[in-house]
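# Secondary and tertiary structure notes
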Amino acid sequence: MNFDFSEEQTMIKDSVARFVRDEYDFDTRRKIIDSEEGMSRDFWATFAELGWLSVPFAEEYGGFGGTAEDLAAIMEELGKGIVVEPFVSTVVVFGGLLSASTNEPLKEAIIPSVIDGSCLGSFAFLERQSRYEMADVTTTATACDGGYSITGEKTVVFNGGIADKFVVTARTSGSQFDRQGISLFLVDSKAAGVTVKSYKTMDGQRAATVTFDNVIVAADQLLKGVGEGLDLVDGVMPTVLMALSAEALGIMSMLNSLTVEYSKTRQQFGTPISSFQALQHRMVDMFIACEQTKSMLYRGLCDANDIAANPEMDNTELLKSVHALKATVAKFGRKVGEEAIQLHGGIGMTDELNIGHYVKRLMTINVTFGDGDYHQKKFNHLSYSSL
Amino acid sequence: MDINFSAQDLEFRDEVRQFFANEYKPTQVSPEGVKPEDDYKDAMIRWQKKLYAKGWIAPGWPKEYGGTGWTVTQKFIYETERGAAGIPDVVPFGLKMVAPVIYTFGTQEQKAKFLPRILSSDDWWCQGYSEPGAGSDLAALSTTAEYAGDNYIVNGRKIWTTLAQYADWIFCLVRTTKDIRRQQGISFLLIDMKTPGITVKPIVSIDGKHSLNEVLFEDVLVPVANRIGEQDKGWTYAKALLAHERTGMAEVADSKRALRELKLRAAAEVNGGQAMIKDPIFQLRLSDIEMELMALEYTELRVFASMAAGGQPGPESSLLKIKGTEITQAIQELQLQLASYYGGALQGDLDNTELGHNFANEARRNYMYGRAATIYGGSNEVQRNVIAKAVLGL
């Protein structure tokens, strides 16, 4: 038994940490956010060069063959810099869906371009009414000459404005809430009938509303069999949720160390505020929240490693761990974020300071792929419904 | 990262599990339903003697003094299996608290005299630390020991002394020199409870039971030979003991078992015809606890893994006592909530069947006595002070 990152993982983790420390200071990030695309193409090329974009992909496509644990190691460090480049949407989510696809020619065509940085992708799944239910899909894909015709609207598509390709959930059969009958299509963002309206989100990132108006997609752009889309998404979700949680953990640990440091320098009543017991205990509780979140992440990663070693294994324990992890991130992430602002006092309220920006990314993570209540309810169902 | 034990360790786990299943009979020590309270002492000693016969009574001790020689992993497995089987830990005062002080700082004569009888559970020990004026602030203690030739003359009061009514011996912190820095001038004495001048007065706690006591010392003669180490250096020895006490306070396996039983109970208790376990609000309260416990289990594993690798426990070890006790209390709160009206009914003329709930009495007692968990062993507020200083550098 051990909870150490491997030598390889430590190397890549250190390399991400170095990048964040040396290249990605708060002013640099601010300039990127204010730029037209909301990301740095130069940095993205650096990520490709350093091999980070290849991590989750199988070696046969030029990837590193990495695991959820490898991704978590990277994401924790990216979180410490609240890096806005679309690593989650392109590599973890879009890349994860592609990796799980059974369409070999499609994988061979696209994955190498994600790895070399030339293709940015995003997952277009959310609709105005669907909140966290992936199965609530009204966008339709109707069989036609040349394949399928997709019509519908997807909203809050992360980094949608810069995406070259979308994976889109569209209904090929069934009614609005059916889990069956949803198919996954790879759609080019420049295809006729695709309209992309990009906007900023509170965390310094971008999202887009993407409309599909009779967009014709060939049948060979299906990621998996017709109507089998949600099974594929379900299989990818644990890794996605763990990656996001690792990012949140990185943010929480930054907020904690920034807050502790600040409390030692801020003088009030003639003494550093770190000497006040009321504040000390709050910072201890922030520390505990962060350690407990880390433990929950490790639990999920260990469960995932067990399943990777034994694919026939029942995955209920993994699902319970991952739902519990996302609920824990929501609860403790909010606690740490709110306390960090409170302990900084007035300066914590300013846009100029980095604290609020860390908090806003945490808040966005909390509503990405299900908030705490959603995941706790899933956990409750798995844990208690059969008793 | 890898969560799995080696095949060898799994074999050991099976052996421990088998032994517990064969040898431990819950009625032996379960305080529930046992009429005269003194049965508790006999039952604990009976069980501890079984462990002694097996050679497993003191996994934490060095092998030369009667320890098991187990690896860190084996000790961890043993503790986990004990908690999972619902077996209470050994009475800690002798085996886990004073023995490490004796084998670390004691003389050859002290080791020979005390250690074998602690191992065999022939001596029952209690801990004389807290005083009416010295709780969390232990160094404020004022019980005095005056040096007089071959003896000390001890005068003062110790309080919250758990199970002192059964004790043959008490280990005490006493003040031997005044007017120097508080932590200096304290000595560590081993005192025979049969010595004239010692009075044990029961304190009934809010669970209606008698486990706490006040111990009065009136001109009690204690041979100098019963002093551990040097005079006035007792604080150092006590601190080493506290470090010993602090490891393994999360009691995750015990809480997992308690939670499992709580869920079964919640499936049996109904409200409006619906099992409580199906109630969405109850589920929410339950999973708030269960998820925290899942995290704590891994925090404990992280601490254990770094120790097994020969390292020191990381900063995360400091939260085990705080979180462990908070979760224990949270489970007790839900137990009492499930017991509903019957949680408040006192067992007197009624038996368990008449009470309707055989668990309700236990739920009330666990809840009430469980409040102590965040007070003893360094209150959770003191624990937070320690983390603030030692981990966060505040």
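Residues numbered from 1 in each chain as written. Chains lettered and ligands numbered in written order. Predicted model: local features only at pLDDT ≥ 70, side-chain atom pairs only at ≥ 80, totals over all residues.

### Details of the overall build of chain A
This is how the line gets drawn: Comment: elements are numbered from the N terminus, with helices defined as DSSP H or I runs of at least four residues and strands as E runs of at least two. With the radius of gyration taken over C-alpha atoms, the globule rule is written as 2.2 Å times the number of residues to the power 0.38. Put simply, a residue is buried when 20 or more other C-beta atoms lie within 10 Å of its own C-beta and exposed when 12 or fewer do; between those, it is partly exposed, and each C-beta is set from the backbone.
From N to C terminus, chain A includes eleven helices and nine strands. Scaling as 2.2 N^0.38, a compact globule of 387 residues should have a C-alpha radius of gyration of about 21 Å, and chain A matches this with 21 Å. Reported as C-alpha extents along the three principal axes, the dimensions of chain A are approximately 80 × 55 × 40 Å. The 387 residues of chain A split such that 50% are buried.

### Some details on the overall build of chain B
Of regular secondary structure, chain B possesses 13 helices and ten strands. Projecting the C-alpha coordinates of chain B onto the three principal axes gives extents of approximately 75 × 55 × 50 Å. Each of the 394 residues in chain B was classed as buried or not, and the buried ones make up 39%.

### Some remarks on the environment of Ala84(B)
Residues and elements named next belong to chain B. The condition that has to hold: For every residue pair, C-beta atoms are placed from the backbone, and the pair is scored as a contact if these atoms sit within 7 Å.
Its place among the elements puts Ala 84 in helix α4 (residues 72-84). C-beta crowding within 10 Å serves as the criterion here: with 16 such atoms nearby, Ala 84 is assigned to the partly exposed category. Note: C-alpha distance between Ala 84 and Gln 383 (299 residues apart in sequence) is 26 Å. Contact partners of Ala 84, with chain neighbours within four places excluded, come to Ala 253, Lys 256 and Arg 257.

### Focus: the domain arrangement of chain A
Put simply, an interface is often sized by how much accessible area is lost when its parts join up. All names here are of chain A. The test is simple: All domain edges in this entry derive from an automatic or database-based domain assignment. Side-chain classes are defined by residue name, with Ala, Val, Leu, Ile, Met, Phe, Trp, Tyr, Cys and Pro counting as nonpolar, Asp, Glu, Lys and Arg as charged, and the others, Gly among them, as polar.
Domain annotation for chain A reports domain 1 (7-118), domain 2 (122-228) and domain 3 (230-384). Summarising the inter-unit geometry, the C-alpha centres of domain 2 and domain 3 are found 30 Å apart. In the side of domain 2 that touches domain 3, the residues fall into seven nonpolar, two polar and four charged.

### Overview of the packing of helix α11 (residues 372-384) of chain A against helix α9 (residues 280-308) of chain B
To be explicit about the condition: A fitted line through C-alpha atoms serves as each axis, taken over the contacting stretch for helices, and the angle formed by two N-to-C directions is quoted from 0 to 180°. The cut-offs work like this: below 35 degrees is roughly parallel, past 145 is roughly antiparallel, 65 to 115 is roughly perpendicular, and the gaps in between are oblique.
One can describe the packing of α11(A) onto α9(B) by two numbers: an axis separation of 10 Å at closest approach and a directional angle of 90°. One way to sum up the angle between α11(A) and α9(B) is to call them roughly perpendicular. Contact residues: α11(A) offers Gln376(A), Phe379(A), Asn380(A), Ser383(A) and Tyr384(A), while α9(B) offers Gln283(B), Leu284(B), Leu286(B), Ser287(B), Glu290(B) and Met291(B). Class assignment for the residues of the contact of α11(A) with α9(B) results in five nonpolar, five polar and one charged.

### Some points on the interface of chain A and chain B
Counting residues at the interface gives 32 residues for chain A, matched by 34 residues for chain B. Of the residues forming the side of chain A that touches chain B, the biggest block, 15 residues, is contributed by helix α8 (residues 277-309) of chain A. For the side of chain A that touches chain B, the class distribution of residues is 16 nonpolar, 13 polar and three charged.

### Describing helix α7 (residues 229-265) of chain A
Residue and element names in this part refer to chain A. For the record, the criterion: Every helix has an expected span of 1.5 Å times one less than the residues it contains. To obtain the bend at a residue, axes are fitted to the seven residues ending there and to the seven starting there, and the angle between these axes is taken.
The terminal C-alpha atoms of α7, which comprises 37 residues, lie 54 Å apart, in line with the 54 Å expected from a rise of 1.5 Å per residue. At Met 237, α7 shows its strongest bend, of approximately 35°, with the proline Pro 238 following within four residues. Along α7, 28 of the 37 residues are buried, which leaves the element largely enclosed by surrounding structure.

### Side note on the environment of Leu241(B)
Residues and elements named next belong to chain B. Tracing the backbone through its elements, the reader meets Leu 241 in helix α7 (residues 234-246). Leu 241 gets classed as buried once you count the C-beta atoms within 10 Å, which come to 22. For the pair Leu 241 and Arg 82, spaced 159 residues apart in sequence, the C-alpha separation works out to 23 Å. Those residues in contact with Leu 241 that lie beyond four places of it in its chain are Met 97, Pro 100 and Val 101.

### Quick word on the confidence of the model for chain B
All names here are of chain B. What counts here: Confidence scores per residue from the predictor, reported as pLDDT, run from 0 to 100.
Within chain B, residue pLDDT values average 91, and 93% of them lie at 70 or more. Note that residues 28-36 has pLDDT below 50 and, in this model, eleven contacts with residues that lie over four places away or in other chains. Here the predicted complex scores 0.95 on pTM and 0.96 on ipTM.

### Points about the pairing of strand β3 (residues 147-158) of chain A
Residues and elements named next belong to chain A. We apply this condition: At least two DSSP bridges between two strands are required for those strands to pair.
Pairing of strand β2 (residues 140-144) with β3, which is carried by five bridges, proceeds in the antiparallel orientation. For Thr 140, the partnering residue across the bridge sits in β3 and is Thr 151. Hairpin connection from β2 to β3: two residues lie between these consecutive antiparallel strands, with Gly 146 at a positive phi of about 85°. Relative to strand β7 (residues 206-217), β3 runs antiparallel, the two being bridged by eight bridges.

### As for the packing of α7(A) against α8(A)
Residue and element names in this part refer to chain A. As a reminder of what qualifies: Each crossing gets its hand from how the near helix is turned against the far one by less than a right angle, where anticlockwise is left-handed and clockwise is right-handed.
Between α7 and α8, the shortest axis-to-axis distance is 10 Å and the interhelical angle comes to 160°. Judged by the inter-axis angle, α7 sits roughly antiparallel to α8. As α7 packs across α8, the resulting crossing turns out to be left-handed. In this structure, α7 contributes Pro 238, Met 242, Ser 245, Ala 246, Leu 249, Met 252, Ser 253, Asn 256, Thr 259, Val 260 and Ser 263 to the contact, and α8 contributes Leu 279, Met 283, Met 286, Phe 287, Cys 290, Thr 293, Lys 294, Leu 297, Gly 300, Leu 301 and Ala 304.

### Things to note about the nonpolar core
To keep it simple, the criterion reads: Each nonpolar core consists of buried Ala, Val, Leu, Ile, Met, Phe, Trp, Tyr and Cys residues. Their C-beta atoms, within 7 Å, join them into a set.
Residues Ala72(A), Leu97(A), Ile150(A), Val167(A), Phe185(A), Met242(A) and Ala243(A) are the most contacted members of the largest nonpolar core, which totals 156 residues. Take this core: its biggest share by element is 17 residues, from α7(A). With residues near it in sequence (within four places) discarded, Ala243(A) still touches Leu71(A), Ala72(A), Met75(A), Val88(A) and Val92(A). Formed by 52 residues, the second largest nonpolar core is a distinct cluster that contains Leu51(B), Ala58(B), Tyr103(B) and Leu115(B).

### Points about the pairing of strand β4 (residues 165-171) of chain A
Residue and element names in this part refer to chain A. Taking burial as the measure, the seven residues of β4 include seven buried ones, the bulk of the element. The two faces of β4 match: Lys 165, Val 167, Thr 169 and Arg 171 on one face and Phe 166, Val 168 and Ala 170 on the other face are all buried. In terms of strand pairing, strand β1 (residues 121-124) meets β4 through four bridges, oriented parallel. Across the sheet, the residue bridging to Phe 123 is Val 167, located in β4. Bridging between β4 and strand β5 (residues 182-188) involves seven bridges; their strand directions are antiparallel. Counterpart to Lys 165 in the pairing with β5 is Asp 188.

### Focus on the domain arrangement of chain B
Residue and element names in this part refer to chain B. When cut into domains, chain B gives domain 1 (7-90), domain 2 (125-232) and domain 3 (247-390). Distance between the C-alpha centres of domain 2 and domain 3: 32 Å. In this assembly, five residues from domain 2 lie in contact with five residues from domain 3. Residues that form the side of domain 2 that touches domain 3 fall into these classes: one nonpolar, two polar and two charged.

### What to know about unusual backbone geometry
We note that Phe369(A) has phi near 55°; this positive angle belongs to a residue other than glycine. If you trace the backbone, Phe369(A) turns up in the loop between α10 (355-366) and α11. Positive phi, normally seen in glycine, also occurs at Asp232(B), with a value near 75°. In this fold, Asp232(B) is placed in the loop between β8 (227-228) and α7. Here Asp232(B) falls in the partly exposed class, since 16 other C-beta atoms lie within 10 Å of it.

### Focus on the environment of Glu381(B)
All names here are of chain B. Along the chain, Glu 381 turns up in helix α13 (residues 380-390). Under the C-beta neighbour-count criterion, Glu 381 is labelled partly exposed, with 15 such atoms within 10 Å. Expressed as a C-alpha distance, the spacing of Glu 381 and Ala 295, which sit 86 residues apart in the sequence, is 22 Å.

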